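Each chain, written out:
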Amino acid sequence: MTLLAQAPVPRDVGVFEWLFDPASWTGSDGILVSLADTVILCSVVVVVATVTMVPLASWLAHTRRGEVSVSWMVTLSRAIPTFAVAGLLVPISLRIGWGFEPWPILIALLLLALPPIFLNTYTAIQQVDPGAVDAARAMGYSETSVLVRVELALATAVILAGVRVAAVTVVATEPIRAFLGGDGLGRYVRDGLGQNNDGLLIAGAILVAGLAGLTALVFRLIEGFALPEGVRRLATTATR
Amino acid sequence: MNAVFAQAPNPIVRWEYFIDEWDQIQSALLEHLELTVYAVGLGLIASAGLSAIALRYRWALAPINGFTAFLYTIPSVALFGILVPYFGLSRLTAVLPLAAYTLLILVTNIVAGFNAVSPEVREAADSMGMTPTRKVLQVELPLAMPYIIAGLRVAVVSTVGIVTVAAIIGQGGLGRLILDGLRRAFWTPMTIGAVLSILLALALDGLILGVGRWLTPWAQRARRAP
């Protein structure tokens, strides 16, 4: 029923004609709105995953708890079928009264984002040179300081890599939302398929893939800048 | 829509569906299995070739890794979508991206497996007068098998998960039940599709684990030894 109300897209638009037409970008179902939709949802997922998993994993690794669960989690993180999980959550969400959007896809994407951040934080802190930790303790650092100023600082690069993997995976998976009753950047692929419009379909695929590539690039840049000064000096002397 | 819900109770699972629509469930499950087998089979053949090149010519390893990692980062919705204009809503359009996603893990593990064979074992095989082909098939491949099996498990499990996404191009086995259920706002097929695809992943994972143990009995003996 909503299909009829949608803005009529001309059949078989040219891919770049459509992409470079300002009219495609503006308006209530323009690319900018869809892009913002996707970016906001993905940001919420990655931020929530980071602020929950980094403290939890670093505390577990610092106190050397939960050693066995890691290898099991590696397998699990690869096995999560996001499409199925989101599909399963839709009826449950409706039953509770949370509606079609955005809870099912949000929770499904969150499940996807948690493992890489948890695993990278946990292993990175576990592998911090015990000598450095002992030195900090001998200098009278409190346990909190050891964790924050030594272990977390030395683990920063690996933790950020985990956040990057999570972010790229989330951005790459979010487009399935368009097929589960939502919108976001995946809607052009959906509409292109639904309207038999190859131009729109390919343009939509380019947008989706482009955003995933851009996310990877942005996080690589952040990784370059966010490394603590001392750790960066350490890294450069090590590579020399 | 709310009025419809009020009239007809729409439970998360309606058990009669299993009996009434058993043919549908069965064909979806079979299609899911077929897509997974085709994709991982194709991925395994391509990975074997790529790994052979990477092991033979060391300089080729980095570009091959870069290429497979690049393929892996392309969103599945984009990859399925971009192939539709060329191959239509066909099984090929579903299998090609699925196979492409398996390359990263399979090539990584095959190369790691063959690199883990110790030089002494290779020398022993050489001094026994084995031909290069026999050395690869009878010495190096069996020793690399645990790595290959580990890679295969991850590849199969993640493929079963991504197959559901292929429902957007009219394929997708159990994913089709999920989409059909969504379109009709009928939750039973959605729940069945989602749960069965998770169970299928676990079952295939266990199957490959078992086959791997059967293929490498010495690895089990080594594990049991104190």
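Some points on the overall build of chain A
Part 1 of the reasoning: Helix and strand counts for chain A come out as 12 helices and 0 strands.
Part 2 of the reasoning: Taking all 240 residues of chain A together, 44% fall into the buried category.
Part 3 of the reasoning: Across chain A, contacts joining residues at least 24 apart in sequence account for 73% of those joining residues at least 6 apart.

What to know about the confidence of the model for chain B
All names here are of chain B.
Part 1 of the reasoning: Of the residues in chain B, 93% reach a pLDDT of 70 or more, and the chain-wide mean stands at 87.
Part 2 of the reasoning: Mean pLDDT across the secondary structure elements of chain B bottoms out at helix α1 (residues 2-7), with 43, and peaks at helix α3 (residues 22-56), with 94.
Part 3 of the reasoning: Note that pLDDT drops below 50 for residues 1-7; the model gives that stretch 2 contacts with residues more than four away or on any other chain.

Some points on the interface of chain A and chain B
Part 1 of the reasoning: Contacts between the two partners involve 33 residues from chain A, matched on the other side by 31 residues from chain B.
Part 2 of the reasoning: At the level of secondary structure, the elements contributing two or more residues to the side of chain A that touches chain B comprise α5 (69-79), α6 (82-96), α9 (143-173), α10 (187-194) and α11 (198-226) of chain A.
Part 3 of the reasoning: Of the residues assigned to the side of chain A that touches chain B, the class counts are 25 nonpolar, 5 polar and 3 charged.

Some points on the nonpolar core
Part 1 of the reasoning: A113(A), V170(A), V208(A) and I178(B) are the most contacted members of the largest nonpolar core, which totals 124 residues.
Part 2 of the reasoning: For this core, the leading source of residues is α9(A), giving 16 residues.
Part 3 of the reasoning: Setting aside residues up to four positions removed in sequence, V208(A) forms contacts with P175(A), L185(A), G186(A), V189(A), P75(B), V77(B) and A78(B).

What counts and what doesn't
Residues numbered from 1 in each chain as written. Chains lettered and ligands numbered in written order. Predicted model: local features only at pLDDT ≥ 70, side-chain atom pairs only at ≥ 80, totals over all residues. Helix = DSSP H or I, 4+ residues; strand = E, 2+ residues; numbered from the N terminus. Buried ≥ 20, exposed ≤ 12 C-beta atoms within 10 Å, placed from the backbone. Contact = placed C-beta atoms within 7 Å. pLDDT = per-residue confidence, 0-100. Nonpolar A, V, L, I, M, F, W, Y, C, P; charged D, E, K, R; others polar. Core = buried A, V, L, I, M, F, W, Y, C linked by C-beta atoms within 7 Å.

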